[in-house]
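Tertiary structure, described
The residues making up each chain are set out below.
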Amino acid sequence: MSDIPSDLLYSAEHEYLKKTEEPDVYVVGITDYAQGELGDVVFVELPSVGDSYEKMATFGTIEAVKAVSDLYSPVSGEVVEVNEGLEDDPSLVNSDPYGEGWMIKVRLADSAELSGLMDATAYATHVGD
Amino acid sequence: MSGELQMTPLHAEHVALGGKMVPFAGFEMPVQYSTGITAEHRAVREAAGLFDVSHMGEFEIRGPEAEALVQKITVNDVTRVEVGQAQYSAMTLADGGIIDDLIVYRFADRFMLVVNASNRAKDWAWVTKHAGGMEVEIADRSDEYALLALQGPAAREILRPLSSVDPDSVGYYRFSEGRVAGVDAVISGTGYTGEDGFELYIAAGDASELWAALLEAGAPVGLIPAGLGARDSLRLEVGYALYGNDLDEEHTPLESALGWITRLDSGDFVGRDAIARQKEAGVPTRLVGLRLEARGFPRPGYPVVAEGRPVGRVTSGTVSPSLGEGIALARVEAGFHTAGTALAVEIRGKEVPAVVQRPPFYAEGSIRR
């Protein structure tokens, strides 16, 4: 049983979106379920501030001991901040996926895309919890 | 791999400890426990880890011609092995390709060959075939044995109060028969981690008891159970080859960094002539260690390139938990194999610079040779 906070939005590819205080800016990371499946994260390749991605485009990769996975942008938008802390300690993705293990902050290009994401209940069903 | 997966006698223990069970060599084995691969790796380097390696195969060979049979089917010189001693060796096909790597134990009344689980069936067929017409008795005891590996700088101190045999009397690649936590055991000074440690061969029915006793005795000094994931990164840091990744039937021991166990003067073993001819003609490929000089995770199958062309492939790789850099074993064309040669590993279309390095990559281990 993985941790699925009720106040986040989720993609089928196991990324989450968390509101920030700034309108239309969201934190993106991978879910507790995803980090559990990946196992120990060895490093994370993240984009640069200012890069823009379409919904479902690959914005980075995550290398875990077992496998490498692409990171898919759950929404279209521009990267406004990246988590530099993951450079030094990628294991934060495992230990605190919704907190210190966040990956990027994105400014939404189209807030209508949010309706295509899952809430916690739907995501829990998605991962079979 | 087909059919139902086998379980070791410790399957229930693994599940109870949060083991993430995966198919491996026909067995369902824990790749990690709830602690995770990195923590398990560190525990073995800094304190101790306990591995269930009961999937390994054990063959017994007895009789007047037991030594002659072992000498005939293995590349090392078993006549140099004393009672109570173990020897790392390999079996080769007539063309020199490696059938398996193994450990040979010489008891007063028999030999024991410890083989890889993935090769047990073909190894047994091979031993059986060559035993034909010889005065030997052979037996596959794999299902009767469980095997626990207690590895790490604290292994000796954990074992000492539980063992009827003083661990200090068991040298590197030596073994004694005794009792551990009340259970009959072959206590072997061997391992696959580059750390001091022991492998304990016990009856399958005693596995749960010994597993629990060791974990309880070792917990105060940091012993935790460790899975296949940590076993893989630990062995890679010291450059030990894994059959199926780094060793296979398509390559000889000379091509696989196993020249040091290949005694061409040890009589007419199967594969000897082919290996001798290859030595004469030139060894076409080499298994080498690679250290990445930039960030990257070298995975099996990734191309190794030099001079703008592929010259080999990664056979095993990881990001070393101890060193924090990418390390690999790779098979490369002869000529690109000497220490210091600058190569690159192609990682998803990107060339990451790498240098040939003679393992161990991690040389700080507590192993007592």
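Report on the accompanying structure.

This part covers helix α6 (residues 207–218) of chain B. Residue and element names in this part refer to chain B. With twelve residues, α6 extends 16 Å from end C-alpha to end C-alpha; this agrees with the ideal 16 Å at 1.5 Å per step. Taken together, the buried positions of α6 are Ala 207, Leu 210, Trp 211, Leu 214, Leu 215 and Gly 218. Along the long axis of α6, the arc covered by the buried residues comes to 125°, so they all point the same way.

A few words now on the sheet that holds strand β19 (residues 350–356) of chain B. All names here are of chain B. Taken together, the six strands give a closed barrel; going around it, the order is β14-β17-β16-β15-β18-β19, and neighbouring strands pair in antiparallel fashion. If you compare each strand with its neighbour and ignore which way they point, the axes differ by 45° on average. The sheet contact formed by strand β14 (residues 285–292) and strand β17 (residues 326–333) spans seven bridges and is antiparallel. Each residue of the ladder has a partner; that of Arg 291, found in β17, is Ile 327. Strand contacts of helix α7 (residues 228–238): β16 (309–319) and β17, with the helix running at about 125° to β16, the strand carrying the most contacts.

Taken together, the contact pairs 16 residues of chain A with 14 residues of chain B. Between chain A and chain B the total buried area reaches about 1,200 Å² when both faces are included, carbon and sulfur atoms providing 45% of it. Among the residues of chain A in contact with chain B, A:Asp40, A:Phe43 and A:Val65 are the three that bury the most area, contributing 40% of the side total. Seen at the junction of chain A and chain B, the total is four salt bridges. Across the pair A:Glu63 and B:Arg299 runs a salt bridge whose closest N-O atoms are separated by 2.6 Å. If you look at where chain A meets chain B, you find eleven residue pairs in polar contact (both at pLDDT 80 or more). Mapped onto the side of chain A that touches chain B, the elements with two or more residues apiece are α1 (32–38), β4 (41–45) and β6 (58–64) of chain A. Element by element, the count of residues in the side of chain A that touches chain B is highest for β4(A), at four residues. For the side of chain A that touches chain B, the class distribution of residues is seven nonpolar, three polar and six charged.

What follows deals with the nonpolar core. Residues and elements named next belong to chain B. Formed by 39 residues in total, the largest nonpolar core has its most connected members in Phe 51, Tyr 88, Tyr 105, Met 112, Tyr 201 and Leu 247. Breaking this core down by element, the ones donating at least two residues are β5 (85–92), β6 (98–106), β7 (111–115), β9 (145–151), α7 and β17. Mapping this core onto the domain boundaries places at least three of its residues in each of domain 1 (6–52 + 143–237) and domain 2 (284–359). When near neighbours in sequence (up to four residues on either side) are disregarded, Tyr 201 contacts Glu 58, Tyr 105, Met 112, Val 114, Tyr 145, Ala 146, Leu 147, Asp 184, Ala 185, Val 186 and Ser 188. Ranked by size, the runner-up nonpolar core spans 26 residues in total, among them Leu 150, Val 165, Leu 200 and Leu 223.

What follows is about the pattern of salt bridges. The final tally for this structure, using the stated rule, is 31 salt bridges over all chains. A salt bridge links B:Arg295 to A:Glu87, with the nearest nitrogen and oxygen atoms 3.6 Å apart. Here A:Glu87 lies in helix α2 (residues 85–88) and B:Arg295 lies in the loop between β14 and β15 (303–306), a pairing that spans two chains. Among the salt bridges present, the one from B:Arg141 reaches B:Glu60, with a minimum N-O distance of 3.1 Å. On the criterion of sequence distance, the pair formed by B:Arg141 in the loop between β8 (137–140) and β9 and B:Glu60 in strand β4 (residues 57–62) is long-range, its members being 81 residues apart. A residue is classified by how much of its surface remains accessible, and B:Arg141, at 26% relative accessible area, is partly exposed. For B:Glu60, a relative accessible area of 5% puts it in the buried group. Taken together, the salt bridges that share partners define one network made up of B:Arg156, B:Glu157, B:Arg160, B:Asp166, B:Asp168, B:Asp196 and B:Arg368.

Turning to helix α4 (residues 120–131) of chain B, a few remarks are in order. Each α-helix turn comprises 3.6 residues. Residues three or four places apart therefore point the same way. Taking 1.5 Å per residue as the helical rise, α4(B) with its twelve residues ought to reach 16 Å, and the 16 Å between its terminal C-alpha atoms agrees with that figure. Phi for B:Gly133, located one or two positions after α4(B), is positive at around 80°.

Helix packing for two helices is described by the angle between their axes and how far apart those axes are. Residue and element names in this part refer to chain B. Packing of helix α3 (residues 66–73) against α4 brings their axes to within 10 Å, and their N-to-C directions diverge by 125°. By the angle between their directions, the pair α3 and α4 is classed as oblique. For the element pair α3 and α4, the recorded crossing hand is right-handed. In this structure, α3 contributes Leu 69, Lys 72 and Ile 73 to the contact, and α4 contributes Trp 126, Val 127, His 130 and Ala 131. Taken together, the residues that form the contact of α3 with α4 break down as five nonpolar, one polar and one charged.

Rules behind the numbers
The residue count restarts for each chain, going from 1 along the sequence in the order it is written. Chain letters start at A and ligand numbers start at 1, both assigned in the order the entries are written. Confidence filtering applies because this is a predicted model: local features only for residues at pLDDT of at least 70, side-chain atom pairs given and counted only at 80 or more, and all residues used for totals across whole chains, interfaces and linings. Water and hydrogen atoms play no part in the side-chain values, which are based on all heavy atoms of the structure. Here a helix means four or more residues in a row that DSSP labels H or I, a strand means two or more in a row labelled E, and each is numbered from the N terminus. Given the number of residues in a helix, its expected span is that number minus one, multiplied by 1.5 Å. Relative accessible area decides the class of each residue, using a 1.4 Å probe on protein chains only: under 20% of the type maximum gives buried, over 50% gives exposed, and in between gives partly exposed. Think of it as the arc spanned by the lines of direction from the helix axis to the C-beta atoms. Should DSSP find at least two bridges between two strands, the strands are regarded as paired. The axes used here are C-alpha line fits, helices contributing only the stretch in contact, and every angle between their N-to-C directions lies in the interval 0 to 180 degrees. We call two residues in contact when some of their heavy atoms are within 4.5 Å. Using a 1.4 Å probe, buried area is obtained as the accessible area two parts lose upon being combined, added over both of them. When a carboxyl oxygen of Asp or Glu is within 4 Å of a side-chain nitrogen of Lys or Arg, the pair counts as a salt bridge. In protein, a polar contact requires one atom able to donate a hydrogen and another able to accept it; more generally it is a pair of N or O atoms within 3.5 Å, and residues adjacent in sequence count only if both atoms are side-chain atoms. Residues are grouped as follows: nonpolar covers Ala, Val, Leu, Ile, Met, Phe, Trp, Tyr, Cys and Pro; charged covers Asp, Glu, Lys and Arg; every other residue, Gly included, is treated as polar. Put simply, a nonpolar core is a bunch of buried Ala, Val, Leu, Ile, Met, Phe, Trp, Tyr and Cys residues held in one set by side-chain atoms that sit within 4.5 Å of each other. In this entry, domain limits derive from an automatic or database-based domain assignment. Geometric relationships in this document are graded by angle, where less than 35 degrees denotes roughly parallel, more than 145 denotes roughly antiparallel, 65 to 115 denotes roughly perpendicular, and other angles denote oblique. For any pair of crossing helices, the crossing counts as left-handed if the nearer helix is rotated counterclockwise from the farther one by less than a right angle, and right-handed if it is rotated clockwise.

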